[in-house]
Amino acid sequence: MALPDRGAAIATAPKRGEQLKHVVLYPVDWLEERSGLVGGIKYFLFRKVPRDTGWFHTLGSATLTAFLVQAITGVVLAFYYKPDPDSAYQSIQFITNDLTLGWLVRGMHKWGASVFIILMFLHMARVFLFGAYKYPRELNWIIGVLLLAMGMLEGFTGYLLPWDQTAYWATVVGINLNGTAPVIGPFLAQFLSGGSEISADALSKFYSLHMLVIPGALIGLILLHLYLVIRLGVSSPPWSPEAAGRDRDEPPPRKGGRRGLTQPKPRGANGE
Ligand code: HEM
């Protein structure tokens, strides 16, 4: 009887590398076929950006990273924080002194808030000084302004939550400042403090604004902001020899289409 040809069997068996590739690619293909998500992520990661972008262009992503750190540490703090005037201060003390690594998470959230706001201002300064707010990116600037306002409100509402003397009196100052605004000022002050003085209601309101309303608005605005960054592309620095966007491959204008809405004209095109 002839012995089985082991050499041929080994040669035709799928190589281990191939098997591994199959195992890794199967779920990726599964997801792509059903959602197109993988193609979308590939487009996002490998899209073209001007060749002369530099460190200044990383400030937007740095701001995004700071926001994500705030979101993650905030969720952990919310596991242990109690938004009730009788136990808020104690729960913060517990997080800081007793909870494993609680001091680190709280410290990251507290300092991270300043980092987030500072990065937002630096990013905005970059956009302003590079003239990146000009056509066709005006809408992204407007969304940015809303992000800035929401970011600062998030800081203001978070400051009351430790419910200690600093938190209380800083909030009194903030609310009184708001109260001096024309027309809506007094209403706003009354609403936020929950009476003529800061009451227990104020803590619940600030907690709800800090945990639900403002983060929700921030996430929505950030998604819109990033969508526009991807759709419009990142602008070149003002000193770029290629005047921002001039060498982009634009599709030919649509017949009868309104230029400016459907066919953004690159800055510097047609000798302008
Ligand atoms: C939560 C806050 C913010 C996040 C996470 C964020 C994120 C980003 C990212 C990742 C980019 C693309 C990379 C870059 O140019 O750095 C970008 C671009 C841009 N951002 Fe922001 N941003 C924020 C706040 C702001 C603010 C406050 C403004 C202005 C008021 C602003 C205006 C713009 C504009 C106009 C662009 C387009 C710049 C270009 O194409 O060169 N952003 N942002």
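Sequence positions are assigned chain by chain, starting from 1 and proceeding in written order. The predicted origin of the model limits local features to residues at a pLDDT of at least 70 and limits the giving and counting of side-chain atom pairs to 80 or more, whereas totals for whole chains, interfaces and linings rest on all residues. By convention in this description, side-chain values take in all heavy atoms of the structure and omit both hydrogens and water.

Here's the deal with the overall build of the chain
For helices the rule is a DSSP run of H or I covering at least 4 residues; for strands it is a run of E covering at least 2, with both sets numbered from the N terminus onward. Helices and strands together make up the secondary structure of the chain, namely ten helices and zero strands. The linear arrangement of helices and strands in the chain, starting from the amino end, is α-α-α-α-α-α-α-α-α-α. The classification of residues rests on relative accessible area computed with a 1.4 Å probe and restricted to protein chains. Under 20% of the type maximum is buried, over 50% is exposed, and intermediate values are partly exposed. Scored against the burial criterion, the 272 residues of the chain give a buried share of 31%. Residues are treated as being in contact if the distance between any of their heavy atoms lies within 4.5 Å. Long-range pairs, those at least 24 residues apart, make up 67% of the contacts in the chain with a sequence separation of at least 6.

Structural notes on the coordination of the iron atom of the ligand
Around a metal, the ideal angle is 109.5 degrees if four donors adopt a tetrahedral arrangement and 90 or 180 degrees if six donors adopt an octahedral arrangement. Sites may look incomplete because water is not among the atoms; the donors themselves are N, O and S atoms within 2.8 Å of the metal, or within 3.2 Å for Na, K and Ca. Within the protein, the atoms that donate to the iron atom of the ligand are His123 (NE2) and His225 (NE2), at distances of 2.0 to 2.1 Å. Square planar and octahedral sites, with four and six donors, are those where opposite donors lie more than 155 degrees apart and all other angles lie between 65 and 115, tetrahedral sites have four donors with every angle between 85 and 135 degrees, and the rest are irregular. Here the iron atom of the ligand binds six donor atoms, and the angle range of 86 to 179° at the metal identifies the geometry as octahedral. In this pair, His123 is assigned in helix H6 (residues 102-129) and His225 in helix H10 (residues 200-232), connecting sequence segments 102 residues apart. With a relative accessible area of 15%, His225 lands in the buried category.

Quick look at the site of the ligand
The criterion for a residue being near a molecule or strand is simple. One of its heavy atoms has to lie within 4 Å of it. Close to the ligand lie 26 residues, the nearest being His57, His123, Arg126, His225 and Ser235. Between N or O atoms, a polar contact is any pair within 3.5 Å; within protein, one atom must be a potential hydrogen donor and the other a potential acceptor, and residues adjacent in sequence are included only when both atoms are from side chains. A distance of 2.8 Å separates a nitrogen atom of the ligand from a polar side-chain atom of His225. Within the side chain of Ser235, one N or O atom sits 2.6 Å away from an oxygen atom of the ligand. When contributions to the shell around the ligand are tallied by element, the ones reaching two or more residues are helix H4 (59-80), H6, helix H7 (138-160) and H10. Under the convention adopted here, Pro, Cys and the residues Ala, Val, Leu, Ile, Met, Phe, Trp and Tyr are nonpolar, Asp, Glu, Lys and Arg are charged, and Gly plus all remaining residues are polar. Considering only residue class, the shell around the ligand consists of 14 nonpolar, ten polar and two charged.

A look at unusual backbone geometry
Tyr135 connects to Pro136 through a cis peptide bond whose omega is 5°. Its place among the elements puts Pro136 in the loop between H6 and H7. With a phi close to 55°, Trp163 is a non-glycine residue in the positive phi region. Even without being glycine, Val183 reaches a positive phi, approximately 60°.

What to know about the environment of Arg126
You can see Arg126 is positioned in helix H6. Put simply, Arg126 and Pro237 are 111 residues apart on the chain and 9.7 Å apart in space, counted from C-alpha to C-alpha. Setting aside anything within four residues of it in sequence, one finds Arg126 in contact with Phe56, His57, Leu59, Ala132 and Ser235.

What to know about the packing of H4 against H10
The description of two packed helices rests on the angle between their axes and on the distance between the axes. Angles run from 0 to 180 degrees between N-to-C directions of axes, and those axes are lines fitted to C-alpha atoms, restricted for helices to the stretch in contact. With their axes 12 Å apart at the nearest point, H4 and H10 run at an angle of 150° to one another. With respect to H10, the axis of H4 lies roughly antiparallel. The chirality of how H4 crosses H10 is left-handed. Judged by residue contacts, Leu64, Phe67 and Ala78 of H4 engage Tyr207, Met211, Leu218, Ile219, Ile222 and Leu226 from H10. Of the residues assigned to the contact of H4 with H10, the class counts are nine nonpolar, no polar and no charged. Roughly parallel covers angles under 35 degrees, roughly antiparallel covers those over 145, roughly perpendicular covers 65 to 115, and oblique covers all other angles. Helix crossings fall into two classes, left-handed where the near helix is turned counterclockwise from the far one by less than a right angle and right-handed where it is turned clockwise.

A look at the nonpolar core
Residues Tyr81, Leu161, Trp163, Ile175, Ile198, Leu203 and Phe206 are the most contacted members of the largest nonpolar core, which totals 20 residues. In this structure Ile198 touches Trp163, Tyr168, Thr171, Val172, Ile175 and Ser193, once residues within four positions along its chain are discounted. The nonpolar core is taken to be a set of buried Ala, Val, Leu, Ile, Met, Phe, Trp, Tyr and Cys residues, with the residues joined through side-chain atoms within 4.5 Å. Ala66, Phe67, Phe116 and Leu148 belong to the second largest nonpolar core, which has 15 residues in total.

Focus: the packing of aromatic side chains
We call Phe, Tyr and Trp rings a pair once their centres come within 6.5 Å, taking the six-membered ring for Trp, and we label the pair stacked below 30 degrees between planes, edge-to-face above 60, and tilted otherwise. All chains considered together, the criterion is met by 13 aromatic pairs. Judged by centre distance (5.2 Å) and plane angle (75°), the rings of Phe130 and Trp239 are edge-to-face. Highlighted residues: Phe130 in the loop between H6 and H7 and Trp239 in the segment after H10, separated in sequence by 109 residues. Phe130 sits in the buried class, given a relative accessible area of 10%. Centroid distance Phe187 to Phe191: 6.3 Å. Interplanar angle 20°. Geometry classified as stacked. In this pair, Phe187 and Phe191 are both assigned in helix H9 (residues 185-193), four residues apart and thus about one turn of the helix distant. For Phe191, a relative accessible area of 40% gives the class partly exposed. Among the aromatic residues, those joined into a cluster by ring pairs are Phe56, Phe130 and Trp239. Remark: a charge is flagged as sitting over a ring if the NZ atom of Lys or the CZ atom of Arg is within 6 Å of the ring centre and within 35 degrees of the ring normal. When the ring centre of Phe191 is taken as origin, the NZ or CZ atom of Lys205, which lies over that ring, is 4.5 Å away.

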